[in-house]
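Observations on chain architecture
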Amino acid sequence: GPDDLQRLVNARGAQRYYDTATGNINVIQQVDDVLLRITTASDEFKIISVGPIRPNQVTNGVTNGRFVPIGGAG
C-alpha cells in the first residue's frame, strides 16, 4: 500500500536520482527480485508513479545525463 511505498522512498538503501527531463525525483529500490522506480515530486515527497525499471535503464539515464544521482546510497 501507500505506506509501504513511502517506507521504500525513505529507506536507507534507496538510490535517488534527479530526473532532468521531468524535474522529479526517481527513487530506485530493490523489492524482492524487482527493481522498482518510485517517482516523487521534487518539492514534496508525494509519490507520482511507481513501476519496474531495468538496471540498464538506470545506467543509461545516468550516462546520458537525464538521471543525476542525489546524496549517498545509504
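For the structure itself, consult the block above.
Residues numbered from 1 in each chain as written. Predicted model: local features only at pLDDT ≥ 70, side-chain atom pairs only at ≥ 80, totals over all residues. Heavy atoms only, no water.

1. Some remarks on the packing of aromatic side chains
Rules: Each aromatic pair joins two rings of Phe, Tyr and Trp (for Trp, the six-membered one) with centres within 6.5 Å, and gets the label stacked for planes under 30 degrees apart, edge-to-face for over 60, and tilted for any other angle. Helix and strand definitions follow DSSP, with helices as H or I runs of at least four residues and strands as E runs of at least two, each counted in order from the N terminus.
Within the structure shown, the criterion is met by one aromatic pair. When the ring of Tyr 17 is compared with that of Phe 67, the centres are 6.0 Å apart and the planes differ by 35°; the resulting orientation is tilted. Taken together, the positions of Tyr 17 in strand β1 (residues 15-19) and Phe 67 in strand β5 (residues 67-70) put the pair 50 residues apart, joining distant regions of the chain.

2. Notes on the environment of Gln 57
The condition that has to hold: We call a residue buried when its accessible area falls under 20% of the maximum for its residue type, exposed when it is over 50%, and partly exposed in between, using a 1.4 Å probe and counting protein chains only. Identification of polar contacts relies on pairs of N or O atoms within 3.5 Å, with a donor-acceptor requirement for protein atoms, meaning one able to donate a hydrogen and the other able to accept it, and with residues adjacent in sequence counted only if both atoms are side-chain atoms.
Assignment of secondary structure puts Gln 57 in helix α2 (residues 55-63). Given a relative accessible area of 32%, Gln 57 falls into the partly exposed group. Along the backbone, Gln 57 and Asp 4 are 53 residues apart, and their C-alpha atoms lie at a distance of 24 Å. Reaching out from Gln 57, the side chain makes a polar contact with the backbone nitrogen of Arg 54 at a distance of 2.7 Å.

3. Details of the sheet that holds β5
As a reminder, the rule being used: In short, DSSP must find at least two bridges between two strands for them to pair. Angles run from 0 to 180 degrees between N-to-C directions of axes, and those axes are lines fitted to C-alpha atoms, restricted for helices to the stretch in contact. In this description, contact between two residues means that some pair of their heavy atoms is separated by no more than 4.5 Å.
Reading across from one edge, β4-β3-β2-β1-β5 is the order of the five strands in this open sheet, with antiparallel pairing throughout. The two strands at the open ends of the sheet, each matched to only one other strand, are β4 (47-52) and β5. Strand after strand, the sheet turns through a mean of 30° between neighbouring axes, direction not considered. Strands β1, β2 (25-31), β3 (34-40) and β4 of the sheet are contacted by helix α1 (residues 2-10), whose axis makes an angle of about 90° with β3. Packing of α2 onto the sheet brings it into contact with β1, β2, β3 and β5, and relative to β5 it is tilted by some 95°.

These results come straight from atomic positions and should not be treated as a statement about function.
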